[in-house]
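Here is what each chain is made of, one letter per residue.
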Amino acid sequence: MSATDREDFSFQAIGTGWHITTPLPLPAAVRTRVLGRVEKFDGEWSRFRADSRVAAMARRPGRYSFPEEAAPLGELYRQLYDLTNGAMTPLIGGSLERLGYDAAYSLRAAGPPLPAPDWESVLTWSGTVLTAGAPVVLDIGAAGKGLLVDLLAQELAAAGVGGFVIDAGGDLLARGTGPVSVALEHPYNPAQAIGVVDLEGRALCASAANRRAWGDGLHHVLDGTTGQPVRTAVATWALAETAMVADALATALFFVPGALLQEAFDFSWLTVFSDGSAAYSTEFEGKLFA
């Protein structure tokens, strides 16, 4: 799909810009279906909306039923929670709010960093049912955008759209398009690239400390065991079969080495550290510039 032979459907969702690129324009009914799926997802999972199910969990404990995507999402989070010894957790929302990344986007810390609560002490996640023993601020941001990418890909496939690229603020999924060249953004200069990846039939997701950063060295990638922003890694990329897995693993790379994650997941990866060094898997598809 060349630059001169494509159509772009653009919209804003879950705090970022989205672009769905297809060989032909998407019919109005398909666009409506896509936007409806986005609204349903946001209404369930957003901690920035007072009317969401997640917001209800933050107000009162209890048993909450979520859509079917909750089951694989919970399994993935639990696996990564264990592999990172609690550093990566869906219970990080309260810590983010404490540091100013709250529903009002105050970007002003209300106090010192606050560790996330222990999973077993407050939450039971069984399939699509989440039971909170106390009010909890759930935040699925480490995997949620990738999950929504996958859900929209399912909608497109169900509508008979054979080839497309979904770009959710730089997290990408390509299906049936042939290779798509993707630049790897420099973690300290968004106008530059440190490399390039030819993406074909897979998802590429990134996480960086320079995105969603504010105040005195604060950013959105927090260690659940301390509530502190991670200081070692500054940017990560992960390629996997689904965007949900790639998105989650891009965050997990801030906490544990990629080689450890490869023992449990089939993916390739790149991590750039604060000292300027980099580590990557032997099968990483990208080319880094010297």
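See the structure above.
Keep in mind that this is a model prediction, so the values were computed, not measured.

About the cut-offs
- Counting from 1, residues in each chain are numbered in the order their sequence is written.
- Selection of residues for local features in this predicted model requires a pLDDT of at least 70, selection of side-chain atom pairs for listing and counting requires 80 or more, and totals for whole chains, interfaces and linings are taken over all residues.
- Side-chain numbers here rest on the full set of heavy atoms in the structure, without hydrogens or water.
- Working definition: with a 1.4 Å probe on protein chains only, accessible area under 20% of the residue-type maximum means buried, over 50% means exposed, and in between means partly exposed.
- Secondary structure elements follow DSSP: runs of H or I of four or more residues count as helices, runs of E of two or more count as strands, with numbering from the N terminus.
- If DSSP finds at least two bridges between two strands, the strands pair.
- Salt bridges are defined by distance alone: a side-chain nitrogen of Lys or Arg within 4 Å of a carboxyl oxygen of Asp or Glu.

(A) Highlighting the pairing of strand β13 (residues 233-240). Here β13 lies mainly inside the structure; eight of its eight residues are buried. Across six bridges, the pairing between strand β10 (residues 203-208) and β13 is antiparallel. The partner of Leu 204 across the bridge, within β13, is Leu 239. Sheet topology note: the β13/strand β14 (residues 268-273) ladder contains six bridges and is antiparallel. For Leu 239, the partnering residue across the bridge sits in β14 and is Ser 268.

(B) Spatial organisation of the pattern of salt bridges. The full count for this structure, using the stated rule, is 14 salt bridges. A salt bridge links Asp 82 to Arg 78; the shortest N-O distance between them is 3.0 Å. With Asp 82 and Arg 78 both in helix α3 (residues 70-83), this residue pair falls four residues apart, about one helical turn. The class of Asp 82 is partly exposed, set by a relative accessible area of 43%. Salt bridges sharing partners connect three or more residues here, namely Arg 33, Arg 37, Glu 69 and Glu 155.

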